[in-house]
Amino acid sequence: MQKITVSIAAMLLFIPALAFSMERIAPPEGAEVYFIAPSDGETIEGPVTVKMGLRGMGVAPAGVDVDQTGHHHLLVNLPLEDVDLDASLPFSDQTRHFGGGQTEASLDLPAGTHTLQLLFMDYRHISFDPPLVSEQITITVR
Ligand SMILES: [Cu+2]
């Protein structure tokens, strides 16, 4: 009985530590995120089809904690320097989540020039350390 009490006490101590831990995870060696489409400098008739590429890791839905997986995010007209990589990424038009595990998306963007950058994050929407980002590309929507 005493053993059970001790185990439960240990679990109660451990659970809050897990819930609030925002330690960033190191990605596997050689993991890479990149655009399959569009290409940098491309002029496109909207809507824009974005195809997200990933090497060396797997895609899993948000909230599913499987080792060496995560989900795609797209920064729209937002420089990486403006993202707090130690916090959970907010949901906005500039920070889009593909938490269903999507690798392709259709974007409605107004006519003009836009920058796009992929950011691959873990099941908690937290960046890996170092961050897994694509190059930032610039497209023009007609
Ligand atoms: Cu997310």
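Basis of the calculations
- Residues numbered from 1 in each chain as written.
- Predicted model: local features only at pLDDT ≥ 70, side-chain atom pairs only at ≥ 80, totals over all residues.
- Heavy atoms only, no water.
- Helix = DSSP H or I, 4+ residues; strand = E, 2+ residues; numbered from the N terminus.
- Contact = heavy atoms within 4.5 Å.
- Areas by Shrake-Rupley, 256 points an atom, 1.4 Å probe, with all protein chains shown as cover.
- Phe/Tyr/Trp six-rings, centres within 6.5 Å; stacked < 30°, edge-to-face > 60°.
- Donors = N, O, S within 2.8 Å, 3.2 Å for Na, K, Ca; no water.
- Tetrahedral: all angles 85-135°; square planar, octahedral: opposite > 155°, others 65-115°.
- Core = buried A, V, L, I, M, F, W, Y, C linked by side-chain atoms within 4.5 Å.
- Buried < 20%, exposed > 50% of the residue type's maximum accessible area, 1.4 Å probe, protein only.
- Pairing = 2+ DSSP bridges.
- Axes fitted to C-alpha atoms, helices over the stretch in contact; angles between N-to-C directions.
- pLDDT = per-residue confidence, 0-100.

### Things to note about the overall build of the protein chain
Next up, step 1: The helix and strand inventory of the protein chain stands at one helix and 10 strands.
Next up, step 2: Put simply, of all contacts in the protein chain between residues at least 6 apart along the chain, 70% involve residues at least 24 apart.
Next up, step 3: Of the roughly 8,200 Å² of accessible surface on the protein chain, a fraction of 56% belongs to carbon and sulfur atoms.

### A short note on the packing of aromatic side chains
Next up, step 1: Scanning the entire structure with this criterion turns up one aromatic pair.
Next up, step 2: Judged by centre distance (6.3 Å) and plane angle (10 degrees), the ring pair of Phe-120 and Phe-128 falls under stacked.

### Some words on the coordination of the copper ion
Next up, step 1: Each protein donor to the copper ion is listed here as His-71 (NE2), His-73 (NE2), His-97 (ND1) and His-125 (ND1); together their distances run 2.0 to 2.1 Å.
Next up, step 2: Angles of 89 to 153 degrees at the metal separate the four donor atoms of the copper ion, which places the site in the irregular class.
Next up, step 3: When the donor residues of the copper ion are listed from N- to C-terminus, their spacing reads H-x1-H-x23-H-x27-H.

### What to know about the nonpolar core
Next up, step 1: In this structure, Val-48, Val-50, Leu-74, Leu-109, Leu-116 and Ile-139 are the most contacted members of the largest nonpolar core, which totals 23 residues.
Next up, step 2: For this core, the elements supplying multiple residues, two or more each, are β1 (32-37), β3 (48-55), β5 (69-76), β7 (104-107), β8 (112-121), β9 (127-133) and β10 (137-141).
Next up, step 3: A per-element tally of this core places β3 first, with four residues.
Next up, step 4: Sequence-distant contacts of Ile-139, defined by excluding residues within four places in its chain, comprise Pro-38, Ser-39, Glu-42, Ile-44, Val-48, Leu-109, Gly-112, Thr-113, His-114 and Leu-116.
Next up, step 5: Counting eight residues, the second-largest nonpolar core is a separate cluster that includes Leu-78, Leu-80, Val-83 and Leu-85.

### Side note on the sheet that holds β7
Next up, step 1: A sheet is described by the order of its strands in space; here three strands give the open sequence β1-β3-β7, paired in antiparallel fashion. Only two strands of the sheet have a single partner each, and these edge strands are β1 and β7. For this sheet the average axis-to-axis angle between neighbouring strands, irrespective of direction, equals 30 degrees.

### Thoughts on the confidence of the model for the protein chain
Where the model shows low pLDDT, its predicted coordinates should not be examined in detail.
Next up, step 1: Taken residue by residue, the protein chain gives an average pLDDT of 90. The fraction at 70 or more is 85%.
Next up, step 2: The low-confidence segment residues 12-19, where pLDDT is below 50, has zero contacts with residues more than four positions distant or belonging to other chains.

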